[in-house]
Amino acid sequence: MNVKSRARIGAALGVAALGLGVALAPAAQADPNPVTQYRTLAGVGSDTTQDVLNGLGNVVTNSIGQKIIASWDATGTATVKTKATGCVINRPNGSSAGIDALRNAVDNNTGCLDFARSSRTPADTTTTDLTWIPFAKDAVSWVKRSDSTLPNDLSVAQLKAIYECTTTSIGGVALTPILPQASSGTRQFFLASIGVTTPGACVQQGVQENDGTVLDTVGDIAPYSVAQYTAQEKLVVTDRRGAAVLGSIGGVAPRNANKTLNLSFPFVRDVYNVVPTAKLTNATIASTFVGSTSKVCAAGTTISNYGFGTLGAACGTTTLKGER
């Protein structure tokens, strides 16, 4: 089955689940609610952190109780309107797309975006135009179907061989490695972690990340945010896992026995809110994102509830800069 068919099946299953009344009531509201509530800080980007930013958007307020953060999901309507006047933009899907949209807003002085969600680090650190502000810890593992006889544990070397297509089957099971869309920060982090520069021709590419419903044969495997998997399992967000189950890497499980993030897992990463470096002194941006006592960093309960680990004193640092 091709990538487009997989994506259609995932979307159809999501719609069917909603129609059947599956217990999704606790899930966070996608996009600002209502969408015409134009808050001070508008952001777009990462699929991985879209839900936790929606959660933070509901608890981070100013001195008179008004919500500050308006964060648009990676998928949904083709366009979003981020500010009351003008500012209708194509919806960015993924970390890189969000960062590009933020850069465009800065370059053209549109004022349409104030931050981008990112699960990746800067691609270029020779410039200092944007600042990556860490606010939580995540990990990326791989998933298979629960009815698959593939092993529950793979080594880094095995994953590299699978995604370079030099290993095409394990235990008689034909493998179908899958990757998210090109702008996905999870995709970039996963490939870098397993040492793959160019995926092999056998890899099916372009599916929406963190959506287990695309796994429709027993040989399918795909990268998956551990925080997203946990939040979906808890029904804090819409459950897109389908039959997907998390695998281990090198004998290390991605979660502890209580299903919290295992910080000893080999593929652990920070996740970020990216802001224009020139705006770090803006009072609202600073109080919201900058420093361990910022409003986002102080919302540790919300961050943990969405499956992420907290960063403590490392939260809100502004040393990581790059990209033009």
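Just above sits the structure.
Residues numbered from 1 in each chain as written. Predicted model: local features only at pLDDT ≥ 70, side-chain atom pairs only at ≥ 80, totals over all residues. Heavy atoms only, no water.

Novice: Could you give an account of the environment of Thr79, naming the residues involved and the relevant values?
Specialist: By the secondary structure assignment, Thr79 is in strand β3 (residues 79-81). What makes Thr79 partly exposed here is its relative accessible area of 35%. For the pair formed by Thr79 and Pro92, sequence separation is 13 residues and the distance between their alpha carbons is 8.6 Å. Contacts of Thr79, omitting those with residues within four sequence positions, involve Val88, Ile89, Asn90 and Arg91. (Helix = DSSP H or I, 4+ residues; strand = E, 2+ residues; numbered from the N terminus. Buried < 20%, exposed > 50% of the residue type's maximum accessible area, 1.4 Å probe, protein only. Contact = heavy atoms within 4.5 Å.)

Novice: An account of the packing of aromatic side chains is requested, with residue identities and associated values reported.
Specialist: This model, assessed by the stated rule, comprises four aromatic pairs. Against the face of Tyr229 rests Arg241, its NZ or CZ located 5.3 Å from the ring centre. In this structure, Arg269 packs its charged tip against the face of Phe189, placed 5.4 Å from the ring centre. (Phe/Tyr/Trp six-rings, centres within 6.5 Å; stacked < 30°, edge-to-face > 60°. Lys NZ or Arg CZ within 6 Å of the ring centre and 35° of its normal.)

Novice: Which residues make up the pairing of strand β6 (residues 130-145), and what values do they have?
Specialist: Both faces of the sheet carry side chains from a regular strand, because those side chains alternate between them. Buried residues dominate β6, accounting for 15 of its 16 residues. Here β6 pairs with strand β15 (residues 268-276) via nine bridges, running antiparallel. Paired with Asp138 across the strands is Arg269, a residue of β15. Bridging between β6 and strand β16 (residues 320-322) involves three bridges; their strand directions are antiparallel. In the strand pairing of β16, Thr131 is matched with Lys321. Alignment of β6 against strand β12 (residues 220-225), held across four bridges, turns out to be antiparallel. Across the sheet, Trp142 pairs through a bridge with Pro223, a residue of β12. Where β6 lies against strand β13 (residues 244-246), three bridges are found, and the strand directions are antiparallel. Bridge pairing in β13 links Arg145 to Ala244. (Pairing = 2+ DSSP bridges.)

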